[in-house]
Amino acid sequence: MPGASQHGAPVTVTAEAYGKVNLLLGVGDARTDGYHELTTVFQSMDLRETVTITRVESKTGIQGLTADSVFDDHVPTDSTNLAWRAVELVREVAREHAAQGAQLRNSPDVGLRIDIRKGVPMAGGMAGGSADAAAAIVAVAEFFWPSEFVPIEELHARAVTLGADVPFCLLGGTALGTGIGEDLSPILTRGTYHWVMVTNKKGLSTPTVFKKLDEQRQLAAEGQRPDVRVGDPGQVIKALRSGSAELLAAQLGNDLQAPAVSLLPELRETLGLAHQAGALRAIVSGSGPTVAVLCHDEEHAVEVLASITGAARGVRAVLATSPASGARVVART
Ligand code: C5P
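None of the values given here were measured: they were computed from a predicted structure.

Peer 1: Which residues make up the site of the ligand, and what values do they have?
Peer 2: Taken together, G34, Y35, H36, L38, G163, A164, I180, T206, P207 and F210 form the complete shell of residues around the ligand. Within the contact set of the ligand, an oxygen atom lies 3.4 Å away from a backbone nitrogen or oxygen of G34. At 2.6 Å, a side-chain N or O of H36 approaches an oxygen atom of the ligand. Relative to its unbound accessible surface of 450 Å², the ligand loses 75% to contact with the protein. Taken together, the elements giving at least two residues each to the shell around the ligand come down to β2 (36-60) and α5 (206-221). With three residues, the single largest contributor to the shell around the ligand is α5. Its residues assigned to classes, the shell around the ligand shows six nonpolar, four polar and no charged. Taken together, domain 1 (12-188) and domain 2 (193-322) each give at least three residues to the shell around the ligand, which thus spans both.

Here you go:
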């Protein structure tokens, strides 16, 4: 830790956080605030976001954001970026602590720059933006509190205001998520799972996918279509304890798959291609449009990736393994 003493304020802090796949995503009814109750099994994937926060002397507030994507994605560099909003949230918590008399390492208004290196494709369904927010939270917290005094529970509780997946990206590993995804219980798992994550150039809006599900459920209530819902998470949790990709494949499920496919019918083709390529199972990841393709092992994943990208136009695919870790500081100067 060159240049930083135990209680000294850092100049630069770098943190990492990871994308995720929902192995099971059960959606309940809409609440009055428009959000839906979820029962979901999250698992983090080794697609990594790296966020570096640097102190800018003699300035106040956020002094800019840069983003560099390994996939050449166009990333917003203004206050709409979730990492920017995450830094503002942590400043707000610091301001509240200062108002209550806490001694902070820096003023909550300290000048800060944010630099992001994205390893999660900007594709929807893998929580890349939420991982940026999670990494930004743990990095920027070090500017206000020494590591051992970071109010981690308070930050976890507040993180959900940035997005329903941010608390999980902070935690990482594998977890059962309830509420809107923020009430998390870690799950013990065995083994490493190998995936091909197939992205689609055409995006899908998360609120629109949830709304479509509500419409489909209304039609089901009127008897105009079957009301198909994923089961309880017990079987997924059991499969995860076995470490067998084959057992896990049989238990994957997503209530948002039907509305996502209905809004973007070419996803049906991608799911079909994955099956033809010999995948164990393919499902829409989160609210899509990314499709998560589970494979036997790494070699199999490489073959499946080649087969899918060779057969389909407009799709891009990356290899990933799960689980991965939560947000953590990796360097400090
Ligand atoms: O929290 P996040 O920004 O990911 O959510 C985007 C939108 O997705 C919400 O505004 C809401 O319409 C929908 N959503 C939902 N129920 C959830 C999570 C998200 O209805 N549990």
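Alright, that's what it looks like, and here's the rest.
Peer 1: So, helix α6 (residues 234-242): which residues are in play, and what are the values?
Peer 2: Along α6, the positions that sit buried rather than exposed are V236, I237, A239 and L240. Taken down its axis, α6 places every buried residue within 160° of arc, on the same side. If you follow the buried residues of α6, they end up packed against β1 (12-30), β2, β5 (174-178), β7 (193-200) and α7 (245-251). Looking one or two residues past α6, G243 carries a phi angle of roughly 75°, positive in sign.

The rules behind these values
- Residues numbered from 1 in each chain as written.
- Predicted model: local features only at pLDDT ≥ 70, side-chain atom pairs only at ≥ 80, totals over all residues.
- Heavy atoms only, no water.
- Near = heavy atom within 4 Å.
- Polar contact = N/O pair within 3.5 Å; in protein donor to acceptor, adjacent residues only side chain to side chain.
- Areas by Shrake-Rupley, 256 points an atom, 1.4 Å probe, with all protein chains shown as cover.
- Helix = DSSP H or I, 4+ residues; strand = E, 2+ residues; numbered from the N terminus.
- Nonpolar A, V, L, I, M, F, W, Y, C, P; charged D, E, K, R; others polar.
- Domains from an automatic or database assignment.
- Buried < 20%, exposed > 50% of the residue type's maximum accessible area, 1.4 Å probe, protein only.
- Arc of directions from axis to C-beta.
- Contact = heavy atoms within 4.5 Å.

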